[in-house]
Amino acid sequence: MNEKLKKLTTHRLFWPLVCLALVLLFNFIKSPSFFKISINNGVLYGYLIDILNRSSELIVLAVGMTLCVASSAGTDISVGAIMALSGAATVYCLGTGDTYAIPWILAILIGLVVSVLCGMWNGFLVAKMKIQPMVATLILFTAGRGMAQLITGGNILYIKEPSFKYLGGFLPHIPIPTPILVAIVVVVLSTLFLNKTATKLYVESVGINPKASRLFGLNSTRIIFITYAACGLCAGIAGMIATSRIASIDANNVGNLMELDAILAVALGGNSLGGGKFSVAGSVIGAVTIQALSTTLYAMSVTGDQLPLYKAIVVIVIVTLQSPEFKRYVNRWKAKRTVKADGKKVA
Amino acid sequence: MAEKIKSKLRGNGFLLAVTIILFLVLYFAGAVLYADRNFTSPQVFLNLFISNAGLIIAAVGMTFVLITGGIDISIGSVIGVVCMMLAWMMEIKHMSAVLAIVLVFVFGIVFGLVQGFLISYLKIQPFIVTLGGMFFARGLTAMISSDMISIQNETFLNLANHKIYLNFITYYNNRGVEMHPYIYLSVVIALVVVLISWIILRYTKFGRAVFAVGGNEQSALLMGLNPKTTKLKVYILNGFLASLAGFVFCLNSCGGFVEQARGFEMDAIASAVIGGTLLTGGVGTVVGSLFGALIKGIIETIITFQGTLSSWWTRIVIAALLCFFVILQSVFKTIREKRLAQDDHH
């Protein structure tokens, strides 16, 4: 029994899941109707659906971010800007007329190609030029939004065609919000790809020791490059969802500060930001936790401005609890106490 | 061995020289392009310092942190909250200016202490800790007030508007009137901070320890240095400098609002990187960061003088420069490593 419990608590997804459960439990106590899901006008409706719906961009971003972090021990801080850039490209191609200027599938492809190119640029700098990931991605972080502004001419562009909202809203006759479906597809496909091929092992081994992996016959440079390109693609997909949600592009605000939430999701999911072993599932749990927390706080009438304060406290508490150093301090303190107690008994 | 050190110094000196040359090139380009609009007047030059005093101080603090191999992305928010606190304490709580200023410095130091403790003693990644700090400070700003508060306090406004005329420089404006250029208190503070930090990093035990810890923590430990306390001190210093930057920022803006100085940390990091500081730690100079900040200023000035380009061009040009510098650093590092390897063979 004890053995089983120990196995359970040392599982890498245990603590992230506990955090998520705590947030959900808190909600359940506050409003017992929290878990209720009903069908209104043929679509699913409820707090849980809302949380999942709103967290889908973050989930997609977190999947890409996990790969970058795992392979290069660095973070890609340009994903928010890439979201804006690819969204701007798509909206610009579709045009602001009553109908699409070019077929929508082509426009989305263009947006995704832009995002992959951005990811490849980051990957080139990190993998080939050996620049620290944060600095390398700082370049697009600084320039990305400016370039998106150049595309949109500094205006907010609106799309009139109603079918553009499908991606960020509901497809006809399907009760589940499309962003959730997209997120599920991304997570399932990437998990299958990572686990059914040796890719996960490659990425982890490059993350743990790029030089050793090279000697072992892995092309570290190419693997790091690919993870950044994949991260760019994820950012592009998230950008499509975010743009479609509001059927417009506001280059200043789409994906603003999303990169930080994505990195946070990775860390909350129990992944080390030092690279190496990773779990996509953990990052997904982290992303949902962040969104659940935000929704909870909004429900407690905390304003959007003040939200970061609570988020910060929760984040710091969670990462402190997860920190091995902290656990060591606690264990040492416990050991001291037992020694003292034993000493008293003997006396 | 001596050769090695010499070549290393030569390397970093080279990067610093490129930064300074770039600044001069940009300045002269502006001078040639906008000669008819008084680009060369001493006041335009001094305005670079006036409008970027906060950035210079923040970049110096960031340099310390980057040299230890850490990072601090909270300073933009800290500057925001410091401005808001100053405004709130003086306008809503009617405290004296001196008390309010002292209190925000205390806040900055405590903020740095907490972050430093979490980073150095609990070994949580600096990025995550300061990300938390960033959220915390920004949220705190909104908690204090979601409206803009402008400062009316007389002492503070006197401090903010006190012009220090440099009477030893004389120039003529376009009407031919004799003028003396002026600076504000903020510029004096910024330059003093740069000077003191330069001395600390170059000539004190603490400064040496900062470089040693950033270069290689294990070796620093074996040399008998304590990486934990060194890092803690650096983060405390950085917290103080962030609050000082906030104070200087407030001298310019004379008010506080929630969105103030958003993204400022990235400007500070960009300034440090353009100035030749490596994010991997162990390498960096405050003089470089000073010029990094001035380069951002000169780009802004040129774009203002140009008149038709929109402000987001500043970001694009800075990104391009950043790109140029990191690639230069990368190429330079490879060459140096090769040279060192050759030296080892001999």
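What counts as what
Residues numbered from 1 in each chain as written. Chains lettered and ligands numbered in written order. Predicted model: local features only at pLDDT ≥ 70, side-chain atom pairs only at ≥ 80, totals over all residues. Helix = DSSP H or I, 4+ residues; strand = E, 2+ residues; numbered from the N terminus. Rg over C-alpha atoms; globule rule 2.2 N^0.38 Å. Buried ≥ 20, exposed ≤ 12 C-beta atoms within 10 Å, placed from the backbone. Contact = placed C-beta atoms within 7 Å. Core = buried A, V, L, I, M, F, W, Y, C linked by C-beta atoms within 7 Å. Expected span 1.5 Å × (residues − 1). Axes fitted to C-alpha atoms, helices over the stretch in contact; angles between N-to-C directions. Parallel < 35°, antiparallel > 145°, perpendicular 65-115°, else oblique. Left-handed = near helix turned anticlockwise from the far one by under 90°. Nonpolar A, V, L, I, M, F, W, Y, C, P; charged D, E, K, R; others polar. pLDDT = per-residue confidence, 0-100.

Trainee: What should I look at first to understand the overall build of chain A in this one?
Mentor: Secondary structure summary: chain A contains 14 helices and four strands in total. Computed over its C-alpha atoms, the radius of gyration of chain A comes to 22 Å, within 12% of the 20 Å expected for a compact globule of 347 residues. Overall size of chain A, expressed as C-alpha extent along the three principal axes, is 90 × 55 × 35 Å. Evaluated residue by residue, chain A yields a buried proportion of 51% over its 347 residues. Within chain A, counting contacts between residues at least 6 apart in sequence, those at least 24 apart form 76% of the total.

Trainee: Sorry if this is basic, but what is going on with the overall build of chain B here?
Mentor: Across its full length, chain B holds 13 helices and six strands. Whereas a compact globule of 346 residues would reach a radius of gyration of roughly 20 Å, chain B reaches 21 Å, a difference of no more than 12%. Summarising its shape, the C-alpha atoms of chain B cover approximately 65 × 50 × 35 Å along the three principal directions. In chain B, of all internal contacts separated by at least 6 residues, the share reaching a separation of at least 24 is 76%.

Trainee: Would you mind going over the nonpolar core with me for this structure?
Mentor: The nonpolar side chains of soluble globular proteins are, as a tendency, buried together. Within the largest apolar cluster, 208 residues are counted, with the highest numbers of intra-cluster contacts made by A:Leu61, A:Ala62, A:Cys234, B:Ile57, B:Ala58, B:Leu86 and B:Leu322. Considering each element in turn, this core owes the most residues, 16 residues, to helix 10 (residues 220-246) of chain A. Residue contacts for B:Leu322: discarding those within four places in its chain leaves A:Leu138, A:Ile139, A:Thr142, B:Ala270, B:Val273 and B:Ile274.

Trainee: I tried to follow helix 10 (residues 227-253) of chain B on my own but got confused; where do I start?
Mentor: Residues three or four positions apart in an α-helix share a direction because the helix packs 3.6 residues into each turn. Residues and elements named next belong to chain B. End to end, helix 10 covers 38 Å across 27 residues, agreeing with the expected 39 Å (1.5 Å per residue, within 8%). For helix 10, a buried count of 21 out of 27 residues is recorded, marking the element as mostly surrounded by other parts of the structure. Just past helix 10, the residue Cys254 takes up positive phi, approximately 50°.

Trainee: What am I meant to see in the packing of helix 11 (residues 258-268) of chain A against helix 12 (residues 280-299) of chain A here?
Mentor: Helix packing geometry: the angle between the two helix axes and the distance between the axes. Residue and element names in this part refer to chain A. Closest axis-to-axis distance for the helix 11/helix 12 pair is 7 Å, and the angle between their directions is 120°. Relative to helix 12, helix 11 is oriented oblique. Read as a crossing pair, helix 11 and helix 12 show a hand that is right-handed. In contact with Asp261, Leu264, Ala265, Val266 and Leu268 of helix 11, helix 12 contributes Ser283, Gly286, Ala287, Thr289 and Ile290. Residues that form the contact of helix 11 with helix 12 fall into these classes: six nonpolar, three polar and one charged.

Trainee: Which parts of the structure should I look at to understand the interface of chain B and chain A?
Mentor: Interface size is commonly expressed as the accessible surface area that is lost when the partners come together. Taken together, the contact between chain B and chain A spans 36 residues of the former and 37 residues of the latter. Per-class residue counts for the side of chain B that touches chain A are 26 nonpolar, seven polar and three charged.

Trainee: When you look at the packing of helix 7 (residues 185-203) of chain B against helix 12 (residues 286-306) of chain B in this model, what are you seeing that I'm missing?
Mentor: Residue and element names in this part refer to chain B. Axis separation between helix 7 and helix 12 bottoms out at 9 Å; the angle between their running directions is 150°. As far as their axial angle goes, helix 12 and helix 7 are roughly antiparallel. Residue-level inspection shows Val194, Ser197, Trp198 and Leu201 of helix 7 in contact with helix 12, the latter providing Val286, Val287 and Leu290. Split into classes, the residues belonging to the contact of helix 7 with helix 12 amount to six nonpolar, one polar and no charged.

Trainee: Is there a simple way to think about the confidence of the model for chain B in this case?
Mentor: Close inspection of predicted coordinates is inappropriate for parts of the model with low pLDDT. For chain B, per-residue confidence averages 89 on the pLDDT scale, and residues scoring 70 or more make up 96% of the total. At the level of chain-chain contacts, confidence expressed as ipTM amounts to 0.78, with global pTM at 0.85.

Trainee: Hey, could you run me through helix 4 (residues 79-94) of chain A in this one?
Mentor: All names here are of chain A. With 16 residues, helix 4 extends 22 Å from end C-alpha to end C-alpha; this agrees with the ideal 22 Å at 1.5 Å per step. Within helix 4, 15 of the 16 residues are buried, which leaves the element mostly enclosed by the surrounding structure. Directly beyond the C-terminal end of helix 4, a positive phi value near 80° is found at Gly95.

Trainee: Looking at this model, I keep getting lost on unusual backbone geometry. Mind explaining?
Mentor: Excluding glycine, most residues fall at negative phi; most peptide bonds, likewise, are trans. Its identity is not glycine, yet A:Ala73 carries a phi of approximately 55°, on the positive side. Looking at where A:Ala73 falls in the secondary structure, it is placed in the loop between helix 3 (47-72) and helix 4. Of the residues examined, A:Ala73 has 20 C-beta atoms within 10 Å and is grouped as buried. Unusually for a residue other than glycine, B:Cys254 sits at a positive phi of about 50°. Within the element layout of this structure, B:Cys254 appears in the loop between helix 10 and strand 6 (255-256). In this structure B:Cys254 comes out as partly exposed when scored by C-beta crowding, with 17 C-beta atoms within 10 Å.

Trainee: Explain the environment of A:Gly119 here, please?
Mentor: Residue and element names in this part refer to chain A. Mapped onto the secondary structure, Gly119 falls in helix 5 (residues 104-128). Separated by 21 residues in the primary sequence, Gly119 and Leu140 place their C-alpha atoms 9.6 Å from one another. Sequence-distant contacts of Gly119, defined by excluding residues within four places in its chain, comprise Tyr228, Ala229, Ala230, Cys231, Gly232 and Leu233.

Trainee: Sorry, what's going on with the environment of A:Arg337 here?
Mentor: Residue and element names in this part refer to chain A. Mapped onto the secondary structure, Arg337 falls in helix 14 (residues 324-346). Overall, Arg337 belongs to the exposed group, with 10 C-beta atoms counted inside 10 Å. Counting along the chain gives 326 residues from Arg337 to His11, while the straight-line C-alpha distance between them is 27 Å.

Trainee: Sorry if this is basic, but what is going on with the environment of A:Ala251 here?
Mentor: On the secondary structure map, A:Ala251 appears in the loop between strand 4 (248-249) and helix 11. If near-sequence neighbours (up to four positions away) are discounted, A:Ala251 is found in contact with A:Ala84, A:Ala88, A:Arg145, A:Ala148, A:Gln149 and A:Thr152.

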